[in-house]
Amino acid sequence: MFTFDIQRFLNSKLAGHGGRLGLTYHAHGDDWVELALPYSTEQIGDPETGVIASGPIVTMMDMATSLAVWHKRGMFVPQATLDLRVDYLRPATPGRTVIGHGECYRITRAIAFVRGQAHDGDPSDPLAHVAGTFMSIEAQP
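Since the structure is predicted, the reported quantities are computational estimates derived from the model, not experimental observations.

Draft legend 1. The environment of L89, seen in detail. Among the structural elements, L89 can be located in the loop between β7 (79-88) and β8 (98-107). Among the residues examined, L89 registers a relative accessible area of 51% and is labelled exposed. When the C-alpha positions of L89 and L127 are compared, they lie 5.0 Å apart, and in sequence the two are 38 residues distant. Ignoring anything within four residues of it in the chain, the contact list for L89 reads P126, L127, A128 and H129.

So this is what it looks like as structure tokens:
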């Protein structure tokens with residue numbers, strides 16, 4: 001296990017899918033993390049509307065909630081997403097950055113419970129809500 005430093009992790013260039021999407025750090029608190037998904041024409045799902053496809057938003061929310069777990073634990077522990085339910089409320093507004101807020105509200109020995117929302121500028125007008133669970137690969141005391 002490695003100590004998890006959110007600032008160091010998020011200030012480094014993200015690799016993999018998150019890096020390809022251009023996800024960046026936005027903010028964090030004791031048990032939550034926010035990521036930003038800048039608008040990009042490469043992420044458009046429907047060229048006629050210019051709306052971001054669902055895949056990049058799901059990826060951002062999976063990463064934001066995952067980071068919230070590591071941040072709350074204070075350490076990096078290998079984990080797997082057991083369940084991540086995404087309820088879409090409306091499409092993202094074309095041209096706007098989407099903010100993903102992920103919160104870890106409970107951790108047991110092996111399971112972390114998360115929730116969050118995505119919005120494109122107004123947290124009181126979310127475009128998606130998420131709820132899920134992560135399982136730690138190595139059970140914690």
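After that view of the structure, there is still more to cover.
Draft legend 2. View of the sheet that holds β7. Read across the sheet, six strands follow the order β2-β3-β8-β9-β10-β7 without closing on themselves; strand pairing throughout is antiparallel. The strands lining the two open edges of the sheet, one partner per strand, are β2 (24-28) and β7. Here the average twist between neighbouring strands, direction ignored, is 20°. Across the sheet, helix α3 (residues 54-73) is in contact with β2, β3 (32-37), β7, β8, β9 (111-119) and β10 (128-136); its angle to β8 comes to roughly 40°.

Draft legend 3. How the structure looks around a nonpolar patch on the surface. Taken together, the side chains of L82, M135 and I137 define a hydrophobic patch exposed on the protein surface, amounting to about 270 Å² of accessible area. Summarising the element assignment, I137 is placed in the segment after β10.

Draft legend 4. Region of interest: α3. When the terminal C-alpha atoms of α3 are compared, their 29 Å separation across 20 residues agrees well with the 28 Å that a helix rising 1.5 Å per residue should span. Backbone geometry just after α3 places G74 at a positive phi near 80°.

Reading the values: rules and limits
Residues numbered from 1 in each chain as written. Predicted model: local features only at pLDDT ≥ 70, side-chain atom pairs only at ≥ 80, totals over all residues. Heavy atoms only, no water. Helix = DSSP H or I, 4+ residues; strand = E, 2+ residues; numbered from the N terminus. Buried < 20%, exposed > 50% of the residue type's maximum accessible area, 1.4 Å probe, protein only. Contact = heavy atoms within 4.5 Å. Pairing = 2+ DSSP bridges. Axes fitted to C-alpha atoms, helices over the stretch in contact; angles between N-to-C directions. Patch = residues over 30% accessible without salt bridge, like charges linked within 9 Å, V, L, I, M, F, W, Y side chains within 5 Å. Areas by Shrake-Rupley, 256 points an atom, 1.4 Å probe, with all protein chains shown as cover. Salt bridge = Lys/Arg side-chain N within 4 Å of Asp/Glu carboxyl O. Expected span 1.5 Å × (residues − 1).

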